[in-house]
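Letter by letter, the chains look like this.
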Amino acid sequence: MSPMTRRQLLAAGAAGAAAVVIGGTGLWWTTNKLRGYSSGERLIEPQVLSSSERLLDIRLTAAPAQIQVGGRRASVQAFNNSLPGPTWRVRPGDTIRVALTNSLEAPTNLHVHGLQVSPEGNGDNPFVSVLPGETFDYEFTLAKDHPPGTYWYHPHHHGHVAEQIAAGLYGAIIVEDPEPVPVSNERVLVISDLSLDASGNLAPVGPMQRMMGREGEIVLVNGQVHPRLSAGSGERERWRIVNACPSRYLRLHLDGQKVRLLSRDFGRLPAPEEISEVVLAPGNRIELLVETREGLSPLVATPVDRGGMGSMGGGMMQEGNVSAGDEPVELLSLAVSGASGTAPAPVPNGPPMKDLREQPISARHTLDFGMGMGGSMMGGGGGEANGSMMSFTINGKEFDAERTDTVVSRGTVQEWTLRNSSPMDHPMHLHVWPMQVIESGTQDLSTPRWQDVVNIPAHSEVKVLISFEPLIGRTVYHCHILDHEDQGMMGILDVR
Ligand code: C2O
Ligand code: CU
Ligand code: CU
């Protein structure tokens, strides 16, 4: 990990300023990647499906879809013909019912990333297999004290996860706050990436990209190329941002505006934190408060070094630089102009955060995320499609749906050491039970930090605490670089 130097940061900031001068056409849009795409249309948000009388009852169909991406016709896969799929809006205590129909050619299923709901039966069960042509009825209920926040849904059928998410199958979930945060506008921004060939079909993905984790050539916000947002000055907006990219990390900057972090993955920070940049690993979400100031501000994703094959891969893999590009990418532009109305009311503090460090630890576990040469070509249930040269393992083992790797007694607090013995970062995700990060490099963790995807930098270790209550059941933890997950970097825990 080599974090951006101050000089690079300044350079990125300066380029952002230049983009304002040339009218937001964007310096980076001259790169060949975007030739042929039009940009700058008004931001569109996915349709919102809201619960009523404590129930959200919806149908979702995963199917091939023809959509427009940056003015080009694209053949993708989408939920209900929409990329991203519709946004679900629910409240703590609500029941969610989803009839999922599979109109794809491969098996699929549905996972509600981050929601703390039962993983059993027709709950958030990653072992369900919905075959082509079939419909499966999911149903689960959020606890009355379920944390508010921004979550998301996506397929989770082992061996097909990267492929189906890269094709366009994802959508946002909002769990409303018990007490509203005063804002003038709220936006859902689902960030994803995509590679299309000349005729608008999804570009094929080679073994090298699978090994590194595929990064799409164009980065989309709500399925749009570099959309434009507008606001009056002196307003406060709340942006709910989802990183739905299969492998791309996003280091985000919004220069020229006052930006505070309201939430990381889920819940609320006790008080919004002023930030100048924030990094989202795949699967992470953030909520930002943007206090608007006159001007044109691009939201820029600057490159993140997530490691590579280093010395490990030998000659043939030397070229394998993990990131798709070394250039910053402009995701959208916010145009602020005009007079403001009345200043929004102050943001009330969030509830104090739980701190598991005050509780006795009843067990300790180590998970070692490893990569080795000569992975089984059939590895990880993905079959030959994976065709990987590497094995992707946790504690030396590839995923096996029949094996339970970790048995946990309900109600216990455990300390897990997440060790990365490979030269590439792995963002670790645990279903159902959130993790409190207690040790991660030099990060300041004096304020409790809760996440459901925790990055483990190459050749290092991170420690987390997990409280296994009140839910029980058998589910998974895995690397959220979804090609790694599909190739075997996933394990099973059973909480009894
Ligand atoms: Cu967002 Cu198990 O994944
Ligand atoms: Cu998840
Ligand atoms: Cu990984």
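The shown structure was predicted, so the numbers you read here are calculated from the model rather than taken from an experiment.

So, how was this worked out
- Residues numbered from 1 in each chain as written.
- Chains lettered and ligands numbered in written order.
- Predicted model: local features only at pLDDT ≥ 70, side-chain atom pairs only at ≥ 80, totals over all residues.
- Heavy atoms only, no water.
- Helix = DSSP H or I, 4+ residues; strand = E, 2+ residues; numbered from the N terminus.
- Buried < 20%, exposed > 50% of the residue type's maximum accessible area, 1.4 Å probe, protein only.
- Contact = heavy atoms within 4.5 Å.
- Areas by Shrake-Rupley, 256 points an atom, 1.4 Å probe, with all protein chains shown as cover.
- Donors = N, O, S within 2.8 Å, 3.2 Å for Na, K, Ca; no water.
- Polar contact = N/O pair within 3.5 Å; in protein donor to acceptor, adjacent residues only side chain to side chain.
- Salt bridge = Lys/Arg side-chain N within 4 Å of Asp/Glu carboxyl O.
- Core = buried A, V, L, I, M, F, W, Y, C linked by side-chain atoms within 4.5 Å.
- Domains from an automatic or database assignment.
- pLDDT = per-residue confidence, 0-100.
- Pairing = 2+ DSSP bridges.
- Axes fitted to C-alpha atoms, helices over the stretch in contact; angles between N-to-C directions.
- Phe/Tyr/Trp six-rings, centres within 6.5 Å; stacked < 30°, edge-to-face > 60°.

## Focus on the overall build of the chain
The helix and strand inventory of the chain stands at four helices and 32 strands. Counting the 496 residues in the chain, one finds 60% classified as buried. Put simply, 79% of the contacts in the chain that link residues at least 6 apart link residues at least 24 apart. Carbon and sulfur atoms make up 50% of the accessible area of the chain, which totals about 19100 Å².

## Examining the coordination of the copper ion (ligand 3)
Protein-derived ligands of the copper ion (ligand 3) are H426 (ND1), C479 (SG) and H484 (ND1), with the metal-ligand distances lying across 2.0 to 2.1 Å. Read in sequence order, the donor residues coordinating the copper ion (ligand 3) give the pattern H-x52-C-x4-H. On the basis of relative accessibility, which here comes to 0%, the residue C479 falls in the buried class. Judged by its relative accessible area of 0%, H484 falls in the buried class.

## Some thoughts on the side chain of H113
With respect to the helices, strands and loops of the structure, H113 is situated in strand β6 (residues 111–113). When its relative accessible area of 0% is taken as the criterion, H113 is described as buried. There is a polar contact of 3.3 Å between the side chain of H113 and the side chain of R285. Side-chain polar atoms of H113 contact the side chain of D452, separated by 3.0 Å.

## Some details on the pattern of salt bridges
Tallying each qualifying case throughout the model produces 26 salt bridges. As a salt-bridge pair, R91 and E176 come within 3.3 Å of each other at their nearest N and O atoms. Here R91 is found in the loop between β4 (87–90) and β5 (95–102), whereas its partner E176 is found in the loop between β9 (171–175) and β10 (185–194), with 85 residues between them in sequence. Residues E215 and R306 are paired through a salt bridge, measuring 2.9 Å at the closest nitrogen-oxygen approach. Of this pair, E215 sits in the loop between α3 (207–212) and β11 (218–221) while R306 is found in the loop between β20 (295–302) and β21 (329–336), placing the two residues 91 residues apart along the sequence. Here E215 matches R306 in class, with each residue buried. Salt bridges sharing common partners tie together R89, R91, E176, D177, E186, R238, R240 and E287.

## Side note on the nonpolar core
Grouped together as the largest cluster of nonpolar side chains are 36 residues, with contacts concentrated most on W416, M428, V464 and L493. In this structure, this core is formed jointly by two domains, domain 2 (181–339) and domain 3 (356–495), each of which donates at least three residues. In contact with W416, not counting residues within four places along its chain, are H365, L367, T406, V408, M428, V462, K463, V464, I466, F468, Y477 and L493. In terms of nonpolar packing, the next biggest core, distinct from the first, is built from 32 residues, L60, V117, L142 and F266 among them.

## Points about the coordination of the copper ion (ligand 2)
Angles between donor atoms at a metal ideally measure 109.5 degrees for a four-coordinate tetrahedral arrangement and either 90 or 180 degrees for a six-coordinate octahedral one. Taken together, the protein ligands of the copper ion (ligand 2) are H111 (NE2) and H429 (NE2), with distances of 1.9 Å. Of this pair, H111 sits in strand β6 while H429 sits in strand β26 (residues 426–430), and the two are 318 residues apart along the sequence. One exposure class covers both H111 and H429, and it is buried.

## Quick notes on the confidence of the model for the chain
Of the residues in the chain, 87% reach a pLDDT of 70 or more, and the chain-wide mean stands at 89. Counted against residues more than four places away or in other chains, residues 377–386, with its pLDDT under 50, gives 21 contacts.

## Some thoughts on the pairing of strand β15 (residues 250–254)
By the criterion of burial, β15 is predominantly enclosed, with five of the five residues buried. Residues L250, L252 and L254 line one face of β15 and the alternating positions R251 and H253 line the opposite face, and both faces are buried. Where β15 meets strand β18 (residues 278–280), three bridges bridge the pair, whose relative direction is antiparallel. Within the sheet, the bridge partner assigned to L252 lies in β18 and is V278. For β15 and β20, the ladder comprises four bridges, and the chain directions are antiparallel. Across the sheet, residue R251 finds its bridge partner in β20, namely T302.

## Some remarks on the sheet that holds strand β2 (residues 55–69)
Read across the open sheet, the four strands follow the order β3-β2-β5-β7; overall the sheet is mixed. The two strands at the open ends of the sheet, each matched to only one other strand, are β3 (72–79) and β7 (135–141). The average undirected angle you get between the axes of adjacent strands in this sheet is 25°.

## Here we look at the pairing of β20
Among the eight residues of β20, seven are classified as buried, and the element is accordingly described as predominantly covered. Here β20 runs beside β21; their pairing, made up of seven bridges, is antiparallel. Looking across to β21, one finds that L299 is bridged to L332.

## What to know about the environment of D405
Looking at the secondary structure, you find D405 in the loop between β23 (390–394) and β24 (406–408). D405 gets classed as partly exposed once you look at its relative accessible area, which sits at 31%. Sequence separation between D405 and N395 is ten residues; the distance between their C-alpha atoms is 9.4 Å. In this view, D405 contacts K397, Y477, G491 and I492; residues no more than four positions away in its chain are not counted.

## Here we look at the packing of aromatic side chains
Inspection of the entire model under this criterion finds six aromatic pairs. Here W88 and Y153 contribute two aromatic rings whose centre-to-centre distance is 4.4 Å and whose plane-to-plane angle is 20°, an arrangement assigned as stacked. Residue W88 is found in strand β4, and its partner Y153 is found in strand β8 (residues 149–154); the two are separated by 65 residues along the sequence. For the pair formed by W88 and Y153, the shared burial category is buried. An angle of 80° between the planes, with centres 5.6 Å apart, marks the rings of W416 and Y477 as edge-to-face. Of this pair, W416 sits in strand β25 (residues 413–420) while Y477 sits in strand β31 (residues 473–479); the two residues are 61 residues apart in sequence, bridging distant segments of the chain. Judged on exposure class, the residue W416 and its partner Y477 are both buried.

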